[in-house]
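So you can see what is in the structure, the chains are spelled out below.
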Number of protein chains: 2
Amino acid sequence: MLKLTKKADYGLMALKYLAEHPETPALSAKDVADAYVIPAQLLAKILQLLTKSGLLRSHAGMNGGYALARDARQISAYEVIHAIDGPFFITSCTKGTKSCELTPSCTIKEPLARVNETIAGVLKSISIQDLAESEPPPGRAREAQALVALTL
Amino acid sequence: MLKLTKKADYGLMALKYLAEHPETPALSAKDVADAYVIPAQLLAKILQLLTKSGLLRSHAGMNGGYALARDARQISAYEVIHAIDGPFFITSCTKGTKSCELTPSCTIKEPLARVNETIAGVLKSISIQDLAESEPPPGRAREAQALVALTL
DNA sequence: CTGAACGCGGACCGAAGAAGTCGGATATTG
DNA sequence: CAATATCCGACTTCTTCGGTCCGCGTTCAG
Ligand code: SF4
Ligand code: SF4
């Protein structure tokens, strides 16, 4: 529960990899799949999804592949997850298909919706660039966490 | 993906219901299940889990049932989720059983771990009491979200 | 012009997890 | 004792996730 899918995980890895190689015109799905150990065909489909969502530019044919459509700073983790796994919500009373039938009687729906928005905000504030910078920032996450705890 | 299980959902609803009835010595699983529409047997198991984790006090026999072990303010949503669904992490490289085998080569593990901590912090800052107060707070969640966006 | 390398798209399958059910044991009260 | 609870594990069913396969369209080097 409350777990990222592996596809989104792979997608983030691939985006980060592309961000680290800005000079190459295009990298094929196989290139990225080989860099890590993830299955090539699956990674290909993920990159196709990202392309369809406008996060990547693709180029078919020989020496083809993918490249970032925008600067790494302009791509948020939220967009990646949304592109791969669709609109996300932490409760079941969404997702259009098969929503929870006790939505009217439910009393915790609105508070959880607010939690959902907070989490979405966190994800939107993370860019691919942030992932690529591997320098361990001393305590920025801890500060953010403290702020959340104080203000909510 | 990134979705709360319905069990955790039910658990939060039950806790909130108990918090709203502080004067009753004990409420049976069936009482709570009837108040909402959730299946009684399933709710019973969830309450048992919460009892085992020390969030509830149980009393068997006639007129038995469950009651909050602590004040509603002292119980966080994080504890509830943790008690019901076990230790949670947004990535797959945890859960002890069947961790992702490319953990060493993965480069986005640490950044995601920080995101995970932030989300955990948000959940820890939500108490059952917060859920029970149904008054729609104008914009506290929005403020928190803005702060996160600024600091991360 | 031809074929290799690559992106696209759908169908498909096995494994895992979630939601819910059942049955029985035990404890408490009246 | 009988009724009402909690307790606990096994089980079935359903959905989703992870992954594979195959056929097609596109590009470009030789
Ligand atoms: S309506 Fe309430 S119980 Fe149903 S999924 Fe939404 S939050 Fe959970
Ligand atoms: S190791 Fe990396 S790829 Fe594997 S689950 Fe953790 S974050 Fe995802």
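As the structure is a computational prediction, the values presented were derived from the model and not from experiment.

A. Summary view of the overall build of chain A. A count of helices and strands for chain A gives seven helices and two strands. Taken from N to C terminus, the helices and strands of chain A fall in the order α-α-α-β-β-α-α-α-α. When the 152 residues of chain A are sorted by exposure, 48% land in the buried category. Sequence separation of at least 24 residues holds for 61% of the intrachain contacts in chain A that already meet a minimum separation of 6. Working note: accessible area of chain A is about 7700 Å², and carbon and sulfur atoms make up 53% of it.

B. Geometry of the side chain of aspartate 9 of chain A. Tracing the sequence through the fold places aspartate 9 of chain A in helix H1 (residues 6-20). For aspartate 9 of chain A, which is buried and forms no salt bridge, the nearest opposite charge comes from lysine 6 of chain A, at a distance of 7.5 Å. What aspartate 9 of chain A contacts, discounting residues up to four positions off in sequence, is Thr91, Ile108 and Leu112 of chain B.

C. Representation of the site of ligand 1 in the model. The environment of ligand 1 is made up of Thr91, Ser92, Cys93, Cys100, Leu102, Thr103 and Cys106 of chain A together with Asp9 and Met13 of chain B. With respect to ligand 1, its neighbouring residues span chains A and B. Taken together, the residues of the shell around ligand 1 sort by class into five nonpolar, three polar and one charged.

D. Structural context of the packing of aromatic side chains. Here the structure, examined in full by the defined rule, presents four aromatic pairs over all chains. The residue whose ring lies beneath lysine 124 of chain A is tyrosine 78 of chain A, and the NZ or CZ to ring-centre distance is 4.6 Å.

E. Just the site of ligand 2, in detail. Around ligand 2, the neighbouring residues are Asp9 and Met13 of chain A together with Thr91, Ser92, Cys93, Cys100, Leu102, Thr103 and Cys106 of chain B. More than a single chain frames ligand 2: its nearby residues are located in chains A and B. Residues that form the shell around ligand 2 fall into these classes: five nonpolar, three polar and one charged.

F. Up close: the protein's contact with DNA strand D. Lining the immediate surroundings of DNA strand D are 25 residues, of which Lys6 of chain A together with Ala29, Lys45, Ser58 and Gly61 of chain B lie closest. Sugar and phosphate atoms represent 63% of those atoms of DNA strand D found within 4 Å of the protein. Taking histidine 59 of chain A, its side chain carries an N or O atom lying 3.4 Å from a phosphate oxygen of DNA strand D. Lysine 45 of chain B places a polar side-chain atom, nitrogen or oxygen, 2.9 Å from a base nitrogen of DNA strand D. Those elements that place two or more of their residues in the surface near DNA strand D are H1 and helix H3 (40-52) of chain A together with helix H3 (40-52), strand S1 (56-59) and strand S2 (65-68) of chain B.

G. Structural context of the packing of H3 of chain B against helix H4 (residues 77-85) of chain B. Residues and elements named next belong to chain B. Axis separation between H3 and H4 bottoms out at 9 Å; the angle between their running directions is 110°. Looking at the two axes, H3 sits roughly perpendicular to H4. In the packing of H3 onto H4, the handedness of the crossing is right-handed. The residues of H4 that touch H3, namely those facing Ile46, Leu49 and Leu50, are Val80, Ala83 and Ile84. Of the residues that constitute the contact of H3 with H4, the class distribution is six nonpolar, no polar and no charged.

H. Structural view of helix H4 (residues 77-85) of chain A. Residue and element names in this part refer to chain A. Among the nine residues of H4, seven are classified as buried, and the element is accordingly described as predominantly covered. Turning to H4, its buried residues are Ala77, Tyr78, Val80, Ile81, Ala83, Ile84 and Asp85. In this fold, the buried residues of H4 make contact with H1, H3, helix H5 (109-124) and helix H6 (128-132). One or two positions beyond H4, positive phi appears at glycine 86, with a value near 80°.

I. Inspection of the nonpolar core at higher detail. Of all hydrophobic cores here, the largest spans 96 residues; its most connected members are Leu50 of chain A together with Leu50 of chain B. Non-local contacts of leucine 50 of chain B, meaning those with residues more than four positions away in its chain, are made with Gly11, Leu15, Leu55, Leu56, Val80, Ala83 and Ile84 of chain B.

J. Region of the structure containing unusual backbone geometry. Here leucine 2 of chain A, not a glycine, exhibits a phi torsion of approximately 55°, which is positive. Of note, leucine 2 of chain A is situated in the segment before H1. Given a relative accessible area of 3%, leucine 2 of chain A falls into the buried group. One non-glycine residue, asparagine 63 of chain B, lies in the positive phi region at around 55°. Positionally, asparagine 63 of chain B belongs in the loop between S1 and S2. The exposed category is assigned to asparagine 63 of chain B, whose relative accessible area is 72%.

K. Structural detail: the relation of the copies chain A and chain B. Rotating chain A by 180° about the axis while translating it 0.0 Å along that axis superimposes it on chain B, leaving an RMSD of 0.1 Å. The superposition of one copy onto the other is thereby described by a two-fold rotation axis. Judged by C-alpha distance, leucine 2 of chain A is the residue of chain A that lies nearest the rotation axis, at 2.0 Å. Of all interface residues in chain A, 98% are interface residues in chain B too; the two copies therefore contact each other through one and the same surface.

What counts and how
- Residues numbered from 1 in each chain as written.
- Chains lettered and ligands numbered in written order.
- Predicted model: local features only at pLDDT ≥ 70, side-chain atom pairs only at ≥ 80, totals over all residues.
- Heavy atoms only, no water.
- Helix = DSSP H or I, 4+ residues; strand = E, 2+ residues; numbered from the N terminus.
- Buried < 20%, exposed > 50% of the residue type's maximum accessible area, 1.4 Å probe, protein only.
- Contact = heavy atoms within 4.5 Å.
- Areas by Shrake-Rupley, 256 points an atom, 1.4 Å probe, with all protein chains shown as cover.
- Lys, Arg positive; Asp, Glu negative; His and termini not counted.
- Salt bridge = Lys/Arg side-chain N within 4 Å of Asp/Glu carboxyl O.
- Near = heavy atom within 4 Å.
- Nonpolar A, V, L, I, M, F, W, Y, C, P; charged D, E, K, R; others polar.
- Phe/Tyr/Trp six-rings, centres within 6.5 Å; stacked < 30°, edge-to-face > 60°.
- Lys NZ or Arg CZ within 6 Å of the ring centre and 35° of its normal.
- Polar contact = N/O pair within 3.5 Å; in protein donor to acceptor, adjacent residues only side chain to side chain.
- Axes fitted to C-alpha atoms, helices over the stretch in contact; angles between N-to-C directions.
- Parallel < 35°, antiparallel > 145°, perpendicular 65-115°, else oblique.
- Left-handed = near helix turned anticlockwise from the far one by under 90°.
- Core = buried A, V, L, I, M, F, W, Y, C linked by side-chain atoms within 4.5 Å.
- Least-squares fit on C-alpha atoms with pLDDT ≥ 70 in both.

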